[in-house]
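# Structural features, examined
Spelled out, the chains give:
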Amino acid sequence: MSNPSANGLRVENLRKHFHLGGGFLGGPKKVIQAVNDVSFEVPKGESVGLVGESGCGKSTVSRAVLHLVRPDDGRVEFDGIDIGKASRAELRHLRRKLQFVFQDPYSSLNTRRTIRKTLEEPLHVHKAGTKAEIRRKAEDAIREVGLPVDVLDRYPHEFSGGQRQRIGIARALVLDPELVIADEPVSALDVSVQAQILQLLENLRQKRNLSFLFVSHDLGVVRHFCTSVCVMYLGHIVEQGPTREVLDSPAHPYTQLLRESSPVPDPEKRLTLVKNDGEVPSPANPPSGCPFHTRCPHVMPVCREIMPKPIAQASGRKVACHLFEHGVP
Amino acid sequence: MTASGNPLLQIRNLQTEFRVSDAWHAAIQGIDLDVMRNETLAIVGESGSGKSVTALSILRLLPMSGARIARGRILFQDRDLVGLSEREMSGIRGDSIAMIFQEPMTSLNPTMRVGDQIAEAIVIHRGKSWGDARKEALRLLDEVKIPAAAKRMEDYPHEFSGGMRQRVMIAIALACRPKLLLADEPTTALDVTVQAQVLALLNELKTAHDMSVVFITHNLGVVAQIADRVAVMYAGEIVETASVGDLFANPVHPYTEALLRAMPRVDVSAELEPIPGSVPSISGRPEGCNFAPRCQMREPRCSRHPQLSALPGSPGRCARCLVRVDQEQAA
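Residues numbered from 1 in each chain as written. Chains lettered and ligands numbered in written order. Predicted model: local features only at pLDDT ≥ 70, side-chain atom pairs only at ≥ 80, totals over all residues.

### Observations concerning the overall build of chain B
Quick reminder of the rule: Strands are runs of DSSP state E lasting at least two residues, helices are runs of H or I lasting at least four, and both sets are numbered from the N terminus onward. Based on C-alpha atoms, the radius of gyration is set beside the globule rule, defined as 2.2 Å times the residue count to the power 0.38. What counts as a contact is two residues whose backbone-derived C-beta atoms lie within 7 Å of each other.
Along chain B, the regular secondary structure elements total 12 helices and 12 strands. Its C-alpha radius of gyration of 21 Å places chain B within 12% of the 20 Å reference for a compact globule of 331 residues. Seen through its principal axes, chain B has C-alpha atoms that stretch 65 × 50 × 40 Å. In chain B, 63% of the contacts between residues at least 6 apart in sequence involve partners at least 24 apart.

Shown next, in the form of structure tokens:
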């Protein structure tokens, strides 16, 4: 098989089901189909958005990529190395290049450690230089995220949400990663601070040629940060393609609903939804066929039977919908 | 927008204070606000702007110790709520003024069937029998569009999704046909498609019940969807009021303008312009204009504290900025 993007992240047919219940007092057994047959790529230096509503599996995908949760099936490749088959030593080396930024930096920072300890620890773990070098690297990282060096000797509770997120980003940067996986990194922040952090991430992306896998529920944020986007619904990617095109002319009926439901700061453009009934079904009991058929305004008999395959469109997009199986409807 | 007659709610010079290490600090300073009949007034602001404290002050839901209404009046149906006894207040709460919150799960009783929770409000405030109240509860569940309402009456809150729980909260709020509904970030915890449903529902109910709504949110997109009039809050003060059309077409206060430029829009690809710095803390507000340290239009005179001044042109349009108000008056 040809390998056009040996540089970067490549995810193929990723699947992850969680098993709940069973056993003494465990309740009935349930299988949560969090991620089903998900494939996408993050080329070097690009930022790819993963959007969808709660329970669509976007966070599980981001964790399965790093093998923080072990996928049931599928391949995750970074720079041509299969993460699933990597030895412990290889995995350790890979994890240096792949770093995570979380939504709530407070719960992901150790409250009893100074920022310096938090930033230096990964460098010690990976034996990334002498004491003096490590010290300098931590100082460089904190300056790079726009904070003064004296921050290093303080504790997490002394900082505001935006400053903590900067510290979270600095911790991801100390190891000079190539890919940053960011799970809702700006969702907990106020608008004015959110824009600061988005600008910082964009500067870092350009300066360091970083790639981003950017998980978000906010289409506005994704439009401003991601070159391409994958839209998820109940564990499936239903549409993927260049962000602007997907958002300006959404093809999949779910993408259309998501786009039309996102409020725009313009009272002239109030929402006028044709059909918006019901809610996302439970991933423990997903509908047969296409998972969106229960809410889809264009539902056809085939949609209840068969899950549509992602079909490549002319515009560089892939859409998983029976409407598009014979070209544009 | 056709708001006419006397305001349903008038807030005058309201100041609510919190005790922080033995000193009283004003969370909101001199708020003036009118809510007209059948109008949706959105209060928009970032964390710490005082928008929730304003709503909690109206219903007097602030903690008994550590918080106080230091001065001001809250006139509702010819009565000043600030001076009422706790007993009189509890006759108003959930009756003529109702409130819904961001997280419905923490406001619902997890051990009580949903139908009974709605009926309870009717029994308490209207003195009806449980049988009649439950019939009314069923009608309300239908009205907030909960599918198979008769069956779901017997369910517990944990059996509902987030959007459905918020609908239950709205049904409870509507139970006594309030004149005024205070909604504090009611859609923030919901997914966007569900948010759109709940916003549409609130809008429908407002018209059907001839209700006024005070809608508190941090999301300017949501404001544009639902509001008739908007008050923008920053660091405990109202910095701008305007009709929803004016606010988005022609924001006057530099903070409103900066906020709109900092917001990533789903429909337009424009460069984001972050606002430098952060919101001052309740005990660390500057001497003059609260926004001056972050403002690009700052002038020496901004070290004086500006008043909320009416702007020429459209009535009800006010801004708290010396520089911009002068410019507007000169124009």
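### Focus: the overall build of chain A
Looking only at helices and strands, chain A has 10 helices and 12 strands in total. In terms of principal-axis extent, the alpha carbons of chain A reach across some 65 × 50 × 50 Å. Restricting to contacts in chain A with at least 6 residues of sequence separation, those with at least 24 account for 63%.

### Things to note about the environment of Glu245(A)
All names here are of chain A. Here is the rule we go by: Exposure classification rests on a simple neighbour count of other C-beta atoms within 10 Å of a residue's own: a residue reaching 20 or more is buried, one at 12 or fewer is exposed, and one in between is partly exposed. C-beta atoms are placed from the backbone.
By secondary structure assignment, the location of Glu245 is in helix 8 (residues 243-248). Overall, Glu245 belongs to the partly exposed group, with 16 C-beta atoms counted inside 10 Å. Sequence spacing of Glu245 and Ser228 is 17 residues, and the spatial spacing of their C-alpha atoms is 9.0 Å.

### A short note on the sheet that holds strand 7 (residues 180-184) of chain B
Residues and elements named next belong to chain B. To be explicit about the condition: Any two strands with at least two DSSP bridges between them are considered paired.
Across the sheet, which stays open at both edges, the 8 strands sit in the order 6-7-8-3-9-10-12-11 with mixed pairing between neighbours. The two strands at the open ends of the sheet, each matched to only one other strand, are strand 6 (97-100) and strand 11 (309-310). Where strand 9 (residues 229-234) lies against strand 10 (residues 237-243), 6 bridges are found, and the strand directions are antiparallel. Looking across to strand 10, one finds that Tyr234 is bridged to Glu237.

### With respect to the interface of chain B and chain A
Taken together, the contact pairs 35 residues of chain B with 35 residues of chain A. Among the elements of the structure, helix 8 (192-208), helix 9 (220-226), helix 10 (244-249) and helix 11 (254-262) of chain B are those that each provide at least two residues to the side of chain B that touches chain A. With 6 residues, helix 8 of chain B is the largest single contributor of residues to the side of chain B that touches chain A.

### Considering unusual backbone geometry
Residue and element names in this part refer to chain B. The phi dihedral of Asn38 falls on the positive side, at around 55°, and the residue is not glycine. Tracing the chain through its elements places Asn38 in the loop between strand 2 (23-35) and strand 3 (40-44). We note that Asp210 has phi near 50°; this positive angle belongs to a residue other than glycine. Within the fold, Asp210 resides in the loop between helix 8 and strand 8 (212-217). Given 10 C-beta atoms within 10 Å, Asp210 falls into the exposed group.

### Topic: the sheet that holds strand 3 (residues 47-51) of chain A
Residue and element names in this part refer to chain A. Stated precisely, the cut-off is as follows: Here the axes come from fitting lines to C-alpha atoms, over the contacting stretch only for helices, and the angles between their N-to-C directions go from 0 to 180 degrees.
Spatially, the 8 strands line up as an open sheet ordered 6-7-8-3-9-10-12-11, and their pairing is mixed. In this open sheet, the two edge strands, each paired with only one partner strand, are strand 6 (98-101) and strand 11 (311-312). Note that strand 6 and strand 7 (residues 179-183) share 4 bridges and pair parallel. Paired with Leu98 across the bridge in strand 7 is Leu179. Sitting on the sheet, helix 5 (residues 161-173) is in contact with strand 6 and strand 7, with an inclination near 170° to strand 6.

### Focus on the domain arrangement of chain B
All names here are of chain B. To be explicit about the condition: Domain segmentation is taken from an automatic or database assignment of domains. For this classification, Asp, Glu, Lys and Arg are treated as charged, while Ala, Val, Leu, Ile, Met, Phe, Trp, Tyr, Cys and Pro are nonpolar and the rest, including Gly, are polar.
Under the domain assignment, chain B is made up of domain 1 (9-96 + 179-288) and domain 2 (109-175). The C-alpha centroid of domain 2 is placed 27 Å from the C-alpha centroid of domain 1. Listed as interface residues are 12 residues of domain 1 and, on the opposing side, 10 residues of domain 2. Looking at the side of domain 1 that touches domain 2, the element that brings in the most residues is helix 8, giving 5 residues. Its residues placed into classes, the side of domain 1 that touches domain 2 shows 8 nonpolar, 3 polar and 1 charged.

### Let's talk about the packing of helix 7 (residues 162-174) of chain B against helix 8 of chain B
All names here are of chain B. Rules: In what follows, roughly perpendicular refers to angles from 65 to 115 degrees, roughly parallel to angles under 35, roughly antiparallel to angles over 145, and oblique to any angle outside these ranges. Take the far helix as your reference; a near helix turned counterclockwise from it by less than a right angle gives a left-handed crossing, and one turned clockwise gives a right-handed crossing.
Where helix 7 contacts helix 8, the axes come no closer than 10 Å and their chain directions differ by 15°. Looking at the two axes, helix 7 sits roughly parallel to helix 8. Where helix 7 crosses over helix 8, the two elements pack in a sense that is right-handed. Touching Gly162, Gly163, Gln166, Ile170 and Leu174 of helix 7 are Val194, Gln197, Val198, Leu201 and Leu205, all from helix 8.

### Examining the nonpolar core
Most often, soluble globular proteins keep nonpolar side chains buried together rather than apart. What counts is decided by this rule: In this usage, the nonpolar core is the set of buried Ala, Val, Leu, Ile, Met, Phe, Trp, Tyr and Cys residues whose C-beta atoms join them within 7 Å.
Judged by nonpolar contacts, the single largest core of 187 residues is most densely connected at Leu213(A), Phe214(A), Val231(A), Ala171(B), Val214(B), Val223(B) and Val230(B). Residue contributions to this core peak at 8 residues, all from helix 7 of chain B. Each of domain 1 (9-96 + 179-288) and domain 2 (109-175) of chain B accounts for three or more of the residues forming this core. Residue contacts for Leu213(A): discarding those within four places in its chain leaves Leu9(A), Val42(A), Val48(A), Leu50(A), Ser62(A), Val65(A), Leu179(A) and Ile181(A).

### Considerations on the environment of His217(A)
Residue and element names in this part refer to chain A. Secondary-structure assignment places His217 in the loop between strand 8 (211-216) and helix 7 (219-225). The partly exposed category is assigned to His217, around which 19 C-beta atoms lie within 10 Å. Separated by 159 residues in the primary sequence, His217 and Lys58 have C-alpha atoms spaced 9.2 Å apart.

### With respect to the environment of Pro301(A)
Within the secondary structure, Pro301(A) sits in helix 10 (residues 301-305). For Pro301(A) and Ala195(A), which are 106 residues apart along the polypeptide, the C-alpha to C-alpha distance reads 45 Å.

### As for the pairing of strand 10 (residues 236-242) of chain A
Counting buried positions along strand 10 of chain A yields 6 of 7 residues, so the element is predominantly enclosed. Here strand 9 (residues 228-233) of chain A folds back onto strand 10 of chain A in antiparallel fashion, the turn holding 2 residues, of which Leu234(A) has a positive phi close to 45°.

### Focus on the confidence of the model for chain A
Close inspection of predicted coordinates is inappropriate in any region flagged by low pLDDT. Our working definition: As a per-residue quantity, pLDDT reports the predictor's confidence and falls between 0 and 100.
The share of residues in chain A with pLDDT of 70 or more is 96%, and the mean pLDDT across the chain is 90. In the model, residues 1-5 of chain A has pLDDT below 50 throughout and makes 4 contacts with residues more than four positions away in sequence or in other chains.

### Structural notes on the confidence of the model for chain B
Chain-level pLDDT for chain B is 93 on average; 99% of the residues reach the 70-or-more range. Here the complex is predicted with pTM 0.91, and the ipTM for its interfaces comes to 0.89.

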